[in-house]
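Structural overview
So you can see what is in the structure, the chains are spelled out below.
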Amino acid sequence: HLNSMSGEGELMLTILASFAQEESRSISDNVKWGIRKGFKRGRVNGGTAIYGYRWNGEEYVIEPDEATIVKQIFADFLNGMSPRKIGQQLVERKLNTVRGIDFYADAIRRMLRNVTYTGNMLLQKTYVTDAISKKSKKNNGELPRYHVEDTHKAIIDKETFDIVQRIRDGRRRLTFMGEMPILSGMIYCADCGCKMYQVRAR
């Protein structure tokens, strides 16, 4: 029974709104504290949509049809195909991401660098910056990140994943420097027929 047109009513609404906002922040802080404690213990906070997997309430389980596409994406990239070309082929096949949209190059790049496909997980890759707006931000070192191994079955083996990362890093570095080995991508392996790229040894 507040009269919002009166000074007293407006003051009371402001006070109540302040209490509600502070309560929302308190609840958010408690939830984040619980999630981060779980991260430290290696507990996966699932539910994030990942192409090739489904969350069953406890862990990620492989979705066979999508897992086949994931393997093909990694194989095509290792054979010298660009993320843009890979995405175009999937669009032509009328395949969509787990969110129901086309496979654009950025979606392919995200998949190629997603360690989840190796059966491991990197936790707290993003974090909520504001309890009211719920805006999230990529974690670039502001908060700890936790690498947890063997949380679910792998679609891509670790060796293949690491090779893909080395190729990605090499291409990005050479493109940034304006340099590309003249024969990179033009020499083929005599055994398997895959294109060969120059990457920095580690």
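Below: a short report on this structure. (Residues numbered from 1 in each chain as written. Predicted model: local features only at pLDDT ≥ 70, side-chain atom pairs only at ≥ 80, totals over all residues. Heavy atoms only, no water.)

The next subject is unusual backbone geometry. Peptide bonds are trans in most cases, and residues, glycine excluded, mostly fall at negative phi. Here lysine 94, not a glycine, exhibits a phi torsion of approximately 60°, which is positive. Within the element layout of this structure, lysine 94 appears in the loop between helix H3 (83-92) and helix H4 (105-112). Accessibility expressed as a relative area gives 72% for lysine 94, which makes it exposed. (Helix = DSSP H or I, 4+ residues; strand = E, 2+ residues; numbered from the N terminus. Buried < 20%, exposed > 50% of the residue type's maximum accessible area, 1.4 Å probe, protein only.)

Tallied over the full model, the rule gives six aromatic pairs. Each ring, one from tyrosine 53 and one from tyrosine 117, has its centre 6.1 Å from the other, and the planes form 20°; the classification is stacked. Taken together, the residues span a long stretch of sequence, with tyrosine 53 in strand E1 (residues 53-55) and tyrosine 117 in the loop between H4 and strand E3 (121-123) at a distance of 64 residues. Judged by its relative accessible area of 1%, tyrosine 117 falls in the buried class. Seen in terms of ring centroids, phenylalanine 74 and tyrosine 117 are 6.2 Å apart; in terms of plane orientation they differ by 80°. Their pairing is edge-to-face. Separated by 43 residues along the polypeptide, phenylalanine 74 in helix H2 (residues 64-78) and tyrosine 117 in the loop between H4 and E3 bring together distant segments of the chain. Three or more aromatic residues joined by ring pairs form one cluster here, namely Tyr53, Trp55, Tyr60, Phe74, Tyr117 and Phe161. (Phe/Tyr/Trp six-rings, centres within 6.5 Å; stacked < 30°, edge-to-face > 60°.)

Moving on: the side chain of threonine 118. Among the structural elements, threonine 118 can be located in the loop between H4 and E3. You can call threonine 118 buried: its relative accessible area is 10%. A distance of 2.6 Å separates a polar atom in the side chain of threonine 118 from the backbone oxygen of valine 115. Beyond its immediate chain neighbours, meaning those up to four positions away, threonine 118 contacts Ala154, Ile156, Lys158 and Phe161. (Polar contact = N/O pair within 3.5 Å; in protein donor to acceptor, adjacent residues only side chain to side chain. Contact = heavy atoms within 4.5 Å.)

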